[in-house]
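Architecture and fold: a report
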Amino acid sequence: MSDEKRPWVLVSNISKDTNPQDLERIAPQVSALVDEWQSQGRIMWSGSFDNHASSMAVFEATEQEAKEFFKKYENICSGVLSYYLYQWDAMPILSVLAK
C-alpha cells in the first residue's frame, strides 16, 4: 500500500428497502464520522445529488486511511445504503486547498 495521499470518492445510494427511520438512525453517526475526519485537519467535500437518493464525498487520504474510513462508514451504513469507494485520478485539488 502506498503512503502517498490521493483523492478518493465515496458514492452512496439509498437502498430500495430503506425506510426513513433507518436514515434518521444513521445520519448522526455519519455526521460524527465526518466530524472526526475533519477534526484531524483533513478536508472532505460532500453533498447529495439532485435525486435526493445519492450522495458523494471527496477526500484525500493514503490507501490505508481511505480503507479505514470506508470500513467505519460500512459499519454504520450496512443494510441502509449502497456505497462504493473509488480512487480518483483527478488533480489533487484538496492538497492545493489545504496549503
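The structure reproduced in this document is the subject of the present report. Residue numbers run consecutively from 1 along every chain, following the written order of its sequence. In view of the model being predicted, local features appear only for residues whose pLDDT reaches at least 70, and side-chain atom pairs are presented and counted only at 80 or more, with totals across whole chains, interfaces and linings using the full set of residues. Side-chain metrics in this entry use all non-hydrogen atoms of the structure; hydrogen atoms and water are not considered.

What follows is about the pattern of salt bridges. A side chain of one charge can pair with a side chain of the opposite charge if their charged atoms are brought near each other. For this analysis, a salt bridge means a side-chain nitrogen from Lys or Arg found within 4 Å of a carboxyl oxygen belonging to Asp or Glu. Under the definition given, this model contains 7 salt bridges. Linking Glu36 and Lys72 is a salt bridge whose minimum nitrogen-to-oxygen distance equals 2.9 Å. Taken together, the positions of Glu36 in helix α1 (residues 20-39) and Lys72 in helix α2 (residues 63-77) put the pair 36 residues apart, joining distant regions of the chain. Runs of E in the DSSP output that reach at least two residues are strands. Runs of H or I that reach at least four are helices, and both are numbered from the N terminus.

Our focus in this paragraph is the sheet that holds strand β2 (residues 44-48). Sheet architecture is open: 4 strands sit in the order β2-β3-β1-β4, paired in antiparallel fashion. Since the sheet does not close on itself, it has two edges, and those belong to β2 and β4 (81-87), each with one partner. The average undirected angle you get between the axes of adjacent strands in this sheet is 15 degrees. Pairing of strand β1 (residues 6-14) with β4, which is carried by 7 bridges, proceeds in the antiparallel orientation. By the bridge assignment, Val11 is partnered in β4 with Tyr84. It only takes one pair of heavy atoms within 4.5 Å for two residues to be counted as in contact. The convention used is that axes are lines fitted to C-alpha atoms, helices contributing only their stretch in contact, and that angles between N-to-C directions extend from 0 to 180 degrees. This element, α2, spans β1, β2, β3 (54-61) and β4 of the sheet and lies at about 175 degrees to β4. Only strands that DSSP links by at least two bridges are regarded as paired with each other.

Remember that the coordinates give geometry; whether it matters functionally is a separate question.
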